[in-house]
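Structural overview
In case you want the letters, here they are:
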Amino acid sequence: MAALRSRTSRLMLMAVLVTASFGGGQNPEVQALDRGIKYKERGMLTEAIAEFTRAIEIHPYFAEAYHRRGAVYITKGDYDQGMADCDEAIALSPLYQSAFVCRAAAYSYKGEYEEALSDFRRAIAISPPNWEAYYGRGLTYTKTGNYDQAIADYDKALEIDPIHAAPYVYVNRAQAYFLQHAYDKAWQDIERARAEGYFINAELLSRLQSASGKEHGDPSQGAENISVGRTNADVYRDDQYS
């Protein structure tokens, strides 16, 4: 049954794309999806959900609309609804890598770490390499105390996409080093983050200063407010894993 739904979804999506290509414009479900994406980018989450829902009502087999709506629900903290939408996206498109990342994030938020790790592994097994899958798994490994594996995953995220991964990886890898008592390495990542203008979490910096006996600059420096010690809500932006 799932295989039939998946095949039906692909055929219907192909029909949507072909019609849009030769019809001189976008179909209404694609227009609704695009409006939802724009609302999400502007932080208008209720409006984004409404547009993604409209896209689903027009085209019930639209896996991307389910996934993007699920991502917004997760951003809002409605993890169960977000996971339900990710489930639907995966049922419609079993190799939908970003839907696995999205669902894994929800599991991690809920403290269901084994389930989160399982979904991150499934995302990683699908090509192409996805920095968010490694980054999210690294955060989950940090939460479970597996700091060596967390650091390895953060390294891999940076290798895949240093531009997008760096704002998130540096401060969280610094935390993993801190928890390993590898204070010099932690400071190196703190300084990398500061050099790029990213916000340094004041609590982590204070604890690192106290533990290492060193002072390294002003914690108020930087522009990005990256939350240390938990999956950053915005790192699972739906536009990054569509």
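The structure presented is a predicted model; accordingly, all values stated were derived computationally and were not measured.

Leu33, Phe52, Ala65, Val72 and Ile74 are the most contacted members of the largest nonpolar core, which has 36 residues in total. For this core, the secondary-structure elements that each account for two or more residues are α2 (28-41), α3 (45-58), α4 (63-76), α5 (79-92), α6 (97-109) and α7 (113-124). Top contributing element to this core by residue count: α6, with eight residues. Counting residues in hydrophobic clusters, the runner-up holds 30 residues, among them Tyr141, Ile190, Leu204 and Leu205.

This paragraph deals with the environment of phenylalanine 52. Within the fold, phenylalanine 52 resides in helix α3. Classification of phenylalanine 52 as buried rests on a relative accessible area of 0%. Residues phenylalanine 52 and valine 30 lie 22 residues apart in sequence; the distance between their C-alpha atoms is 9.5 Å.

Here we come to the pattern of salt bridges. Inspection of the entire model under this criterion finds 16 salt bridges. Residue arginine 35 is joined to glutamate 51 by a salt bridge in which the shortest nitrogen-to-oxygen separation is 3.0 Å. Here arginine 35, found in helix α2, pairs with glutamate 51, found in helix α3; they are 16 residues apart in sequence, far enough to count as distant. For arginine 35, a relative accessible area of 34% puts it in the partly exposed group. Ionic pairing is found between arginine 69 and aspartate 85, a salt bridge with its closest N-O pair at 2.7 Å.

Another point: the environment of phenylalanine 62. With respect to the secondary-structure elements, phenylalanine 62 resides in the loop between α3 and α4. Relative accessible area serves as the criterion here: at 3%, phenylalanine 62 is assigned to the buried category. Put simply, phenylalanine 62 and leucine 92 are 30 residues apart on the chain and 7.9 Å apart in space, counted from C-alpha to C-alpha.

Attention shifts here to α2. With 14 residues, α2 extends 20 Å between its outermost C-alpha atoms, agreeing within 8% with the 20 Å of an ideal straight helix rising 1.5 Å per residue. Two residues or fewer after α2 comes glycine 43, characterised by a positive phi angle close to 80°.

Turning our eyes to something else, we now look at the packing of aromatic side chains. Under the defined criterion, the tally for this structure stands at six aromatic pairs. On the numbers, 5.9 Å between centres and 25° between planes, the contact of tryptophan 131 with tyrosine 168 is stacked. Of this pair, tryptophan 131 sits in helix α8 (residues 131-143) while tyrosine 168 sits in helix α10 (residues 162-179); the two residues are 37 residues apart in sequence, bridging distant segments of the chain. Judged by its relative accessible area of 7%, tryptophan 131 falls in the buried class. We classify tyrosine 168 as buried; its relative accessible area is 8%. Aromatic ring contacts, followed pair by pair, group Trp131, Tyr135, Tyr154 and Tyr168 into a single cluster.

Moving on, we come to α8. The end-to-end C-alpha distance of α8 is 19 Å, a good match for the 18 Å that 13 residues give at a rise of 1.5 Å each. Along α8, the residues that are buried comprise Trp131, Glu132, Ala133, Tyr134, Tyr135, Gly136, Arg137, Gly138, Leu139, Thr140, Tyr141 and Thr142. Against α6, α7, α9 (147-160) and α10 lie the buried residues of α8.

Chain-level statistics for the chain give a pLDDT mean of 85 and a share of 79% at 70 or above. Counting interchain partners and residues more than four positions distant, the pLDDT-below-50 stretch residues 14-24 has eight contacts. Scored below 50 in pLDDT, residues 218-242 shows 92 contacts in the model against residues more than four places distant or in partner chains.

Quick look at unusual backbone geometry now. Omega for the bond connecting serine 127 with proline 128 falls within 30 degrees of zero, at 0°, which places this linkage in the cis form. Within the element layout of this structure, proline 128 appears in the loop between α7 and α8. At histidine 181, a position not held by glycine, the phi torsion is positive, near 65°. Take histidine 181: it is sitting in the loop between α10 and α11 (183-195).

Turning to the side chain of glutamine 97, a few remarks are in order. Position of glutamine 97 among the secondary structure elements: in helix α6. Polar side-chain contacts of glutamine 97 include one of 3.3 Å to the side chain of asparagine 130. If sequence neighbours within four positions are ignored, glutamine 97 has contacts with Ala123, Ile126, Ser127, Pro128 and Asn130.

Rules used throughout
Residues numbered from 1 in each chain as written. Predicted model: local features only at pLDDT ≥ 70, side-chain atom pairs only at ≥ 80, totals over all residues. Heavy atoms only, no water. Core = buried A, V, L, I, M, F, W, Y, C linked by side-chain atoms within 4.5 Å. Buried < 20%, exposed > 50% of the residue type's maximum accessible area, 1.4 Å probe, protein only. Helix = DSSP H or I, 4+ residues; strand = E, 2+ residues; numbered from the N terminus. Salt bridge = Lys/Arg side-chain N within 4 Å of Asp/Glu carboxyl O. Expected span 1.5 Å × (residues − 1). Phe/Tyr/Trp six-rings, centres within 6.5 Å; stacked < 30°, edge-to-face > 60°. Contact = heavy atoms within 4.5 Å. pLDDT = per-residue confidence, 0-100. Polar contact = N/O pair within 3.5 Å; in protein donor to acceptor, adjacent residues only side chain to side chain.

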